[in-house]
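Observations on the three-dimensional arrangement
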Amino acid sequence: MAIYITDECINCGACEPECPNTAIYEGGATWAWSDGTELTSVELEDGTEVPGDEPQEPFSEEFFYIVSGKCTECVGFHEEPQCAAVCPVDCCVPDPDYVEEQDELAQKQEWLHAS
Ligand code: SF4
């Protein structure tokens, strides 16, 4: 399961530097697969190939947001999700629409960081 940031977010920014996958971005900021990862290109579900460093549209204009495809719930790095651990208003919570098992998260971590 990926973590997501709810609209309770106060935009304090505490979570962003804690993410080992650079999956957290400020509202309105573009994101890229290659930020903080080894991904040089990514094949999407529809077969489209995306350059890793191509800027992607933000998922939120208002609040910090998490790119689900880059979130491993911190598996491979830490015992617990670091964003949730530091959030002062507890708005980093499991995303029911993006459920993944531990082994899937571990594979995802390897995929993100295999050089
Ligand atoms: Fe990043 Fe970990 Fe939070 Fe996922 S759970 S967004 S990997 S800090």
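Note that the structure is a prediction, hence the values are computed from the model and not measured.

**Topic: the packing of aromatic side chains**
- For the structure shown, the criterion picks out five aromatic pairs.
- Between Tyr 25 and Tyr 65, the ring centres sit 5.8 Å apart and the planes meet at 20°, which makes this aromatic pair stacked. One end of the pair, Tyr 25, is in strand S2 (residues 24-25); the other, Tyr 65, is in strand S5 (residues 65-66), and 40 residues separate them in sequence.
- A relative accessible area of 4% places Tyr 65 in the buried class.
- Taking the centre distance of 5.1 Å and the plane angle of 70° together, the rings of Trp 31 and Trp 33 count as edge-to-face. Taken as a pair, Trp 31 and Trp 33 share a single burial class, namely buried.

**Remarks on the nonpolar core**
- Ranked by internal contacts, the top residues of the largest apolar core, which has 16 residues, are Ile 3, Ile 5, Cys 9, Ile 24, Ile 66, Cys 83 and Cys 92.
- Formed by nine residues, the second largest nonpolar core is a distinct cluster that contains Trp 31, Trp 33, Val 42 and Tyr 65.

**Brief notes about the pattern of salt bridges**
- Under the counting rule described, the total for this entry stands at one salt bridge.
- Across the pair Lys 108 and Glu 100 runs a salt bridge, and its minimum N-O distance is 3.0 Å.
- A relative accessible area of 8% means that Lys 108 is categorised as buried.
- Judged by relative accessible area, Glu 100 falls into the buried class, the value being 16%.

Calculation notes
- Residues numbered from 1 in each chain as written.
- Predicted model: local features only at pLDDT ≥ 70, side-chain atom pairs only at ≥ 80, totals over all residues.
- Heavy atoms only, no water.
- Phe/Tyr/Trp six-rings, centres within 6.5 Å; stacked < 30°, edge-to-face > 60°.
- Helix = DSSP H or I, 4+ residues; strand = E, 2+ residues; numbered from the N terminus.
- Buried < 20%, exposed > 50% of the residue type's maximum accessible area, 1.4 Å probe, protein only.
- Core = buried A, V, L, I, M, F, W, Y, C linked by side-chain atoms within 4.5 Å.
- Salt bridge = Lys/Arg side-chain N within 4 Å of Asp/Glu carboxyl O.

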